[in-house]
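Chain by chain, the residues run as shown.
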Amino acid sequence: MSLKRIDLLICCGSGCVSAGALKIKDRFHEVLAEKGISTEINIIETGCMGPCDYGPVMVIYPEGIFYKHVTPEDVEEIVSEHFIKGRPVQRLMLQDEDKVISVQKEVPFYQKQVKVALANCGYIDPESLDEYIATGGYEALGTVLTELDPQKAIDVVKQSGLRGRGGGGFPTHIKWQLVHDVQADQKYIICNGDEGDPGAFMDRSLLEGDPHRILEGMMLAAFSIGASKGFFYIRAEYPLAIKRIKQAIEQAKEAGLMGDKIFGSDFCFDAEVRTGAGAFVCGEEMALIQSLQGERGNPTPKPPYPATKGLWGKPTVVNNVETLANLPTIFLKGADWFASMGTATSKGTKVFALTGDIKNTGLVEVPMGITLRELIFEVGGGMTGGHKFKAVQLGGPSGGCLTQEHLDVPVDYESLKERGAMMGSGGVIVMNDQKCMVNVAKFFTEFCVDESCGKCPPCRIGLKHMHGILERITSGQGKEGDIEELQRLGETICKLSLCGLGQSAPNPVLSTIRYFRDEYEAHIRDRACQTKVCPDLLHFNIDKSRCIGCSLCARKCPVNCISGSREEKYTIAQIDCIKCGNCQDVCPVKAIDRVPGLHEDVVKHTEEALQKLGREEE
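The next point concerns the overall build of the chain. Broken down by element type, the chain carries 25 helices and 19 strands. Against the globule reference of 25 Å for 618 residues, the chain gives a C-alpha radius of gyration of 28 Å, in line with a compact fold. Along the first, second and third principal axes, the C-alpha atoms of the chain reach 90 × 65 × 40 Å. Out of the 618 residues belonging to the chain, those deemed buried represent 55%. Sequence separation of 24 or more characterises 71% of the internal contacts of the chain that already satisfy a separation of 6 or more. For the chain, the accessible area works out to roughly 25800 Å², and carbon and sulfur atoms hold 49% of it. Across the chain, the centroid of the 69 positively charged side chains sits 2 Å from that of the 83 negatively charged ones.

And the structure:
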């Protein structure tokens, strides 16, 4: 680490970079040079610090001052006031009601968090091997290689209770033991970095923010199972993660931390990076292996499992990025320390990408067993815009939705599965009371239809049929029996699909029917979307008591279905209205409302049209 007077840590995770973090860093270099104090300040680009909603963020040591929403225009003031005069800039600090929060450790977003996998993210330069080693990096690998044999290393992981963080929660030591026990001339370890869940960025942040930790975790796994070759499979949309892992591999080789006889042991290891083309299904381990082999990324029937016949027919372990990130700390601090966190069956911590209608979106790591209420309202800061909490979707596009009554449910593998949700890779989407749950289910089903590899009929055909029913329901064409048909299809797909992705794809529909059945019924029987999200199940109405007759709505209507005058006010011809919402957007006095349900003119017009059609057919 630096011996300069001040360490300036700038978050250069993808979120802050997109918000201008690199421009801020360049501006700091310019201003520090102008002031002649460049040699006193150490500027460090770090990985993601977590609170993306505050970005760009930075932390200044030795005090640990936390600044949010920094812009290049703020840099001169920070340098002049904070660096030269020793007076931190209060206006850039977090305001919590009447209190000004100056240091990072007091920011409420961090209060419930325990950093294990993310321990170095936001604190060290991810491109510096020296900084990783200074924080204890590669110490676990050296200890294991010189003091343990592979079986003892597996026993440590078994005692820690670590389960795979990629979605299924399969005990890590069992995977390792299976491959360890197989005799083969070649074994492989694969890091699954094909993170494809919408809104998820846990793996990307780990790979970008602490690449040497993932590499060290891979080598610990390789030693335990007897593998001498590893592959990082990372989606091509993560160029920074790919760059930093490649750089970490080169640095480790130059330092003698990879290659032959590592730490003087008989362990030899090499790794390389392969990029995925972005297919969601390649997150499934057999599809990933097929892709690595240069074939189409399709799941294959199990057995055989990768442990006996994996990459190029050799015994293979596929571990998620976060799983590998936990390993160095487990070996350094001990299995009992790791197992002391969490619940009886879910040990340690979990990294989540917290998104949706909450105040503090970002990357968080919390102990297993934390309640949803703590995660959403304490770490996440609660709902935005004064809205009420309605649901939370966990586990990516094939995860389930939980409700207000589940806020005190502990977040662990079994508790979530019992209620129709799942841990998944760690995506958490919080929704307020303005969301239509039928529309939410349709959105995730559409995603799964698009991403289905098409190999097995239950997933390929069943999901498409489910999506078609949801399309009908949200467009006002639903009919009695649709809900039961959705349930029948969903349960069948869960049972008969080839891979885990297909088996879990109906979860959003099944869980929303389970907890929000009344919304489905209102869409079908009342032809109404009470949240006013589905355009075919609402109409616009001009309140003449509020209308000032300015005619702006009529002039902006693309189909000229609004008429009236300043004296008589304006009305909408409902049959011609295409529900684009332009009128509501431009109305200066907010006199136009969205009203749930079809307008009586539209209902009457539809009935007459159907009767006419019937007569013509006769």
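Attention now goes to helix 2 (residues 21–35). The first and last C-alpha atoms of helix 2 sit 21 Å apart over 15 residues, in line with the 21 Å expected at 1.5 Å per residue. Among the residues of helix 2, Ala21, Ile24, Lys25, Phe28, Val31 and Leu32 are the ones counted as buried. Down the axis of helix 2, the sector holding all buried residues measures 130 degrees, keeping them to one side. Turned more than 90 degrees off the buried face of helix 2, the exposed positions are Lys23 and Glu34. Where helix 2 is buried, its residues touch strand 1 (6–11), helix 1 (14–18), strand 2 (41–46), strand 3 (58–61) and helix 3 (75–84).

Using the criterion set out here, one finds 13 aromatic pairs in the structure. Ring centres of phenylalanine 109 and tyrosine 110 lie 5.3 Å apart, and the angle between their planes is 80 degrees; this geometry places the pair in the edge-to-face category. When its relative accessible area of 0% is taken as the criterion, phenylalanine 109 is described as buried. The buried category is assigned to tyrosine 110, whose relative accessible area is 10%. A centroid spacing of 5.8 Å and a plane angle of 65 degrees characterise the contact between phenylalanine 231 and tryptophan 312, whose relative ring orientation is edge-to-face. Of this pair, phenylalanine 231 sits in strand 8 (residues 229–235) while tryptophan 312 sits in the loop between helix 12 (285–292) and strand 10 (316–320), and the two are 81 residues apart along the sequence. Grouping aromatic residues by their ring pairs yields a cluster made of Tyr54, Phe66, Phe109 and Tyr110. When the ring centre of tyrosine 238 is taken as origin, the NZ or CZ atom of arginine 204, which lies over that ring, is 6.0 Å away. The ring of phenylalanine 352 carries the charged tip of lysine 350 above its face, separated from the ring centre by 5.5 Å.

Let's shift gears to the sheet that holds strand 7 (residues 188–193). Taken in spatial order, the four strands of this open sheet run 9-8-7-10, and their pairing is parallel. The two strands at the open ends of the sheet, each matched to only one other strand, are strand 9 (270–276) and strand 10. Between one strand and the next, the sheet's axes are offset by a mean angle of 20 degrees, whatever the strand orientation. Bridging between strand 7 and strand 8 involves six bridges; their strand directions are parallel. Within the sheet, the bridge partner assigned to isoleucine 190 lies in strand 8 and is phenylalanine 231. Seen against the sheet, helix 13 (residues 321–333) touches strand 7 and strand 10 and runs at an angle of roughly 90 degrees to strand 10.

This paragraph deals with the side chain of lysine 350. In this fold, lysine 350 is placed in strand 11 (residues 349–356). With relative accessibility at 0%, the residue lysine 350 sits in the buried group. At 2.9 Å, the side chain of lysine 350 and the backbone oxygen of serine 425 are in polar contact. Contacts of lysine 350, omitting those with residues within four sequence positions, involve Arg165, Glu322, Val364, Glu365, Val366, Met368, Met423, Gly424, Ser425 and Gly426.

Two elements in contact, helix 19 (residues 482–496) and helix 22 (residues 517–525), have axes separated by 10 Å at closest approach and are oriented at 130 degrees. Between helix 19 and helix 22, the angle is such that the two are oblique. Listed contacts from helix 22 to Asp482, Ile483, Glu484, Leu486 and Gln487 of helix 19 are Arg517, Tyr520, Glu521 and Ile524. A breakdown of the residues in the contact of helix 19 with helix 22 according to their chemical character gives four nonpolar, one polar and four charged.

With that settled, consider the nonpolar core. One finds Leu8, Phe28, Met58, Tyr67, Ile78, Phe83 and Val392 to be the most contacted residues of the largest nonpolar core, which totals 71 residues. When sequence neighbours within four positions are dropped, the list of residues in contact with tyrosine 67 reads Pro56, Val57, Met58, Ile60, Ile78, His82, Pro88, Val89, Leu92 and Met93. If you look at the next biggest cluster of nonpolar residues, it comprises 67 residues, including Leu118, Leu141, Trp176 and Ile234.

Attention now moves to the pattern of salt bridges. A full pass over the atoms with the stated rule returns 41 salt bridges. Lysine 112 is paired through a salt bridge with glutamate 374; the nearest N and O atoms lie 2.8 Å apart. One end of the pair, lysine 112, is in the loop between helix 4 (108–111) and helix 5 (129–134); the other, glutamate 374, is in helix 15 (residues 372–379), with 262 residues separating them in the sequence. Owing to a relative accessible area of 30%, lysine 112 belongs among the partly exposed residues under this scheme. As a salt-bridge pair, arginine 517 and glutamate 521 come within 3.3 Å of each other at their nearest N and O atoms. Note that arginine 517 and glutamate 521 are positioned in helix 22 at a spacing of four residues, about one turn of the helix. What makes arginine 517 partly exposed here is its relative accessible area of 29%. The class for glutamate 521 is partly exposed, based on a relative accessible area of 24%. Connected through shared salt-bridge partners, Lys229, Lys253, Asp270, Glu272 and Arg274 make up one network.

Turning to the pairing of strand 15 (residues 427–432), a few remarks are in order. With five of six residues buried, strand 15 is to be regarded as a mostly interior element. Bridge count for strand 13 (residues 389–394) against strand 15 is five bridges, and the pairing is antiparallel. Looking at the pairing, phenylalanine 389 lines up with asparagine 432 of strand 15.

Here we take up the sheet that holds strand 13. The sheet built from five strands is open, its strands ordered 12-11-15-13-14 with mixed pairing. Both outer strands of the open sheet, strand 12 (362–367) and strand 14 (400–403), are each paired with one neighbouring strand and no more. Strand-to-strand twist of the sheet, defined as the mean angle between neighbouring strand axes without regard to direction, takes the value 30 degrees. Sheet topology places strand 13 next to strand 14; four bridges connect them, and they run antiparallel.

Cut-offs and rules
- Residues numbered from 1 in each chain as written.
- Predicted model: local features only at pLDDT ≥ 70, side-chain atom pairs only at ≥ 80, totals over all residues.
- Heavy atoms only, no water.
- Helix = DSSP H or I, 4+ residues; strand = E, 2+ residues; numbered from the N terminus.
- Rg over C-alpha atoms; globule rule 2.2 N^0.38 Å.
- Buried < 20%, exposed > 50% of the residue type's maximum accessible area, 1.4 Å probe, protein only.
- Contact = heavy atoms within 4.5 Å.
- Areas by Shrake-Rupley, 256 points an atom, 1.4 Å probe, with all protein chains shown as cover.
- Lys, Arg positive; Asp, Glu negative; His and termini not counted.
- Charge placed at Lys NZ, Arg CZ, Asp CG, Glu CD.
- Expected span 1.5 Å × (residues − 1).
- Arc of directions from axis to C-beta.
- Phe/Tyr/Trp six-rings, centres within 6.5 Å; stacked < 30°, edge-to-face > 60°.
- Lys NZ or Arg CZ within 6 Å of the ring centre and 35° of its normal.
- Pairing = 2+ DSSP bridges.
- Axes fitted to C-alpha atoms, helices over the stretch in contact; angles between N-to-C directions.
- Polar contact = N/O pair within 3.5 Å; in protein donor to acceptor, adjacent residues only side chain to side chain.
- Parallel < 35°, antiparallel > 145°, perpendicular 65-115°, else oblique.
- Nonpolar A, V, L, I, M, F, W, Y, C, P; charged D, E, K, R; others polar.
- Core = buried A, V, L, I, M, F, W, Y, C linked by side-chain atoms within 4.5 Å.
- Salt bridge = Lys/Arg side-chain N within 4 Å of Asp/Glu carboxyl O.

The values are spatial; any link to function lies outside them.
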